[in-house]
Amino acid sequence: MSTENLPQSPDQPPRKPRVAVVFGGRSSEHGISMVTAGAVLGAIDRTKYDVLPIGITQSGRWVLTADEPERMAITERRTPNVEQLAESSEGGVVLPVDPASREVVYTEPGSVPKALGEIDVVFPVLHGPYGEDGTLQGLLELSGVPYVGSGVLASAVGQDKEYMKRVFTSFGLKVGPYVVIRPREWEQDRSAARKKIIDLAGDHGWPLFVKPARAGSSIGITKVEDLSGLDEAIAEAQRHDPKILVEAALRGREIECGVLEFEDGPRASVPAEIPPPDAHAYYDFEAKYIDSTPGIVPAPLTPEETAEVQRLAVDAFEAASCEGLVRADFFLTEDGEFVINEINTMPGFTPISMYPQMWQASGISYPDLVDLLVQAALRRSTGLR
């Protein structure tokens, strides 16, 4: 669907596309989703689009919220939450379940449901499970509502680091050494599960990184220097996901590259480098969002290295069948090889986040980036494509 093809009455002026910005959610990345939403709501062109902010509380309730981006910022090292902006403590928003209708309905106990009008596209700025992992995308497919970003399969692959690595390997992309510990393994035979991890350390050395298999923003990740810290690291990761991933440390530079879908296909941004943060053991949640450790944009790479990482980023986008946007994260090892660490199908998207910064350095401003993503979503249909 293009902007010009929106339904309208002959005696009425053309209406603007209506964008529902959906944020918050049930994952541990709820607060960062709020910060991202504030940035998007502040940047989206109100002369071009009507905007409907919809928050999802940490319990999973969909609510109408105040359209006040300034209240969605990190203050005093604390992230915001949807409950602070909800217009009602009981009311809820319901998306259509009939693909023939895109009418959003607001319900409140004891009151007649209220129609809020149709939406033309959803901009889901959710991070982590129950939003970035294909679950919300499946709901929108059933509802017949176009949305920004990747579809069900790519979102699920992008969230599950095990299957992400399996897909990349099958397409010839280089990944680092790792093992997966599934919840049943840990519950039934912890000795055998530990042995898998110890064998990984025996082959590749310490430290190891223990992380939730299906979480992001470096939440729940522990850098383990030796065997004594292993069980505590596993417990921390399992607070966020019963399936965990254990990776060998890769010696090299951290390089990121953005991919954006244009009408003629995906293109890569200039890459960025993430220098080792001074006050943190690695680029963790606080380094990213609380202390805002700056990246180097563009990364100081040779022209050949830049071209190679851009090619690999687009290859990763295509391998996982992504749409809209992706941030691809790599290590440039000491022997000059790019090893892909992961992709994010809905990366951090505040103006200080690396994805928008890389596109800013590539000539696309933050408001224009938001607009390009909405326009790409409007061009796509739901269903098989």
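Please refer to the structure higher up on the page.
Here is a short report on the structure shown in this document.

How each quantity is defined
Residues numbered from 1 in each chain as written. Predicted model: local features only at pLDDT ≥ 70, side-chain atom pairs only at ≥ 80, totals over all residues. Heavy atoms only, no water. Pairing = 2+ DSSP bridges. Helix = DSSP H or I, 4+ residues; strand = E, 2+ residues; numbered from the N terminus. Axes fitted to C-alpha atoms, helices over the stretch in contact; angles between N-to-C directions. Contact = heavy atoms within 4.5 Å. 1 Å grid on protein atoms, 1.4 Å probe; cavity = no way out; pocket = protein on both sides within 12 Å on 5 of 7 lines; lining within 4 Å. Points joined across faces, edges and corners; volume = space filled by probe spheres on them. Phe/Tyr/Trp six-rings, centres within 6.5 Å; stacked < 30°, edge-to-face > 60°. Buried < 20%, exposed > 50% of the residue type's maximum accessible area, 1.4 Å probe, protein only. Core = buried A, V, L, I, M, F, W, Y, C linked by side-chain atoms within 4.5 Å. Right-handed = clockwise from strand over helix to strand, strands pointing away.

**With respect to the sheet that holds strand E2 (residues 50-56)**
Reasoning step 1: Pairing is mixed in the open sheet, where four strands are placed in the order E3-E2-E1-E7. With partners counted over all chains shown, the strands left at the sheet margins are strand E3 (62-64) and strand E7 (121-124), one partner each. Ignoring strand direction, the axes of neighbouring strands in this sheet form an average angle of 30°.
Reasoning step 2: Pairing analysis gives three bridges linking E2 to E3, with the strands arranged antiparallel. Residue pairing in the sheet places Gly55 in a bridge with Val63 of E3.
Reasoning step 3: Sitting on the sheet, helix H1 (residues 30-43) is in contact with strand E1 (18-24), E2 and E7, with an inclination near 155° to E1.

**Some points on empty space enclosed by the protein**
Taking a probe equal in size to a water molecule and rolling it over the atoms shows the remaining empty space.
Reasoning step 1: This model, assessed by the stated rule, comprises four cavities of 30 Å³ or more.
Reasoning step 2: Reported here for the largest cavity is a volume of approximately 90 Å³.
Reasoning step 3: In terms of lining residues, the largest cavity is bounded by Glu29, Gly128, Glu132, Gly158, Gln159, Lys161, Met164, Ala215, Gly216, Glu342, Ile343 and Asn344.
Reasoning step 4: Looking at the lining of the largest cavity, the elements that each hand over two or more residues are helix H3 (152-159), helix H4 (161-170) and strand E16 (338-344).

**Structural notes on the packing of aromatic side chains**
Reasoning step 1: Evaluation of the coordinates by the stated rule reveals five aromatic pairs.
Reasoning step 2: Relative to Phe338, the ring of Phe330 lies with its centre 6.2 Å away and its plane at 80°, an arrangement referred to as edge-to-face.
Reasoning step 3: Assessed through its relative accessible area of 8%, Phe338 is described here as buried.
Reasoning step 4: Aromatic ring contacts, followed pair by pair, group Phe123, Phe349, Tyr355 and Tyr366 into a single cluster.

**So, the nonpolar core**
Reasoning step 1: Counting 35 residues, the largest nonpolar core has Val21, Phe123 and Phe349 as the members making the most contacts within it.
Reasoning step 2: Those elements that provide at least two residues to this core are E1, H1, E7, strand E12 (252-262), helix H10 (354-361) and helix H11 (366-379).
Reasoning step 3: Looking at this core element by element, the count peaks at seven residues for H11.
Reasoning step 4: The residues touching Phe349, leaving out its near neighbours within four places in the chain, are Thr36, Ala39, Val40, Phe123, Leu325, Tyr355, Pro356, Tyr366, Leu369, Val370 and Leu373.

**Things to note about the pairing of E1**
Reasoning step 1: Of all seven residues in E1, seven are buried, a share of seventy percent or more.
Reasoning step 2: When E1 meets E2, the two strands line up parallel, connected through seven bridges. Within the sheet, the bridge partner assigned to Arg18 lies in E2 and is Asp50.
Reasoning step 3: Following the backbone out of E1, through H1 and into the adjacent parallel E2, one traces a crossover that is right-handed.

**Description of H10**
Along an α-helix, residues three or four positions apart point the same way, because every turn accommodates 3.6 residues.
Reasoning step 1: Every buried residue belonging to H10 is among Met354, Tyr355, Pro356, Met358 and Trp359, and all of these are buried.
Reasoning step 2: For H10, the elements touching its buried residues are E12, strand E13 (265-268), strand E14 (272-274), strand E15 (325-333) and H11.
Reasoning step 3: In the stretch just after H10, Gly363 is the one whose phi turns positive, near 100°.

**Looking at unusual backbone geometry**
Reasoning step 1: Residues Trp206 and Pro207 are joined by a peptide bond in cis, for which omega reads 0°.
Reasoning step 2: Secondary-structure assignment places Pro207 in the loop between helix H6 (190-204) and strand E9 (208-212).
Reasoning step 3: For the bond running from Val297 to Pro298, omega is -5°, close enough to zero to count as cis.
Reasoning step 4: Counting through the fold element by element, Pro298 comes out in the loop between helix H8 (285-290) and helix H9 (303-319).
Reasoning step 5: Even without being a glycine, Tyr130 presents a positive backbone phi close to 65°.
Reasoning step 6: Topologically, Tyr130 is positioned in the loop between E7 and helix H2 (135-143).
Reasoning step 7: One non-glycine residue, Ser321, lies in positive phi territory at about 60°.
Reasoning step 8: Secondary-structure assignment places Ser321 in the loop between H9 and E15.
Reasoning step 9: A relative accessible area of 44% places Ser321 in the partly exposed class.

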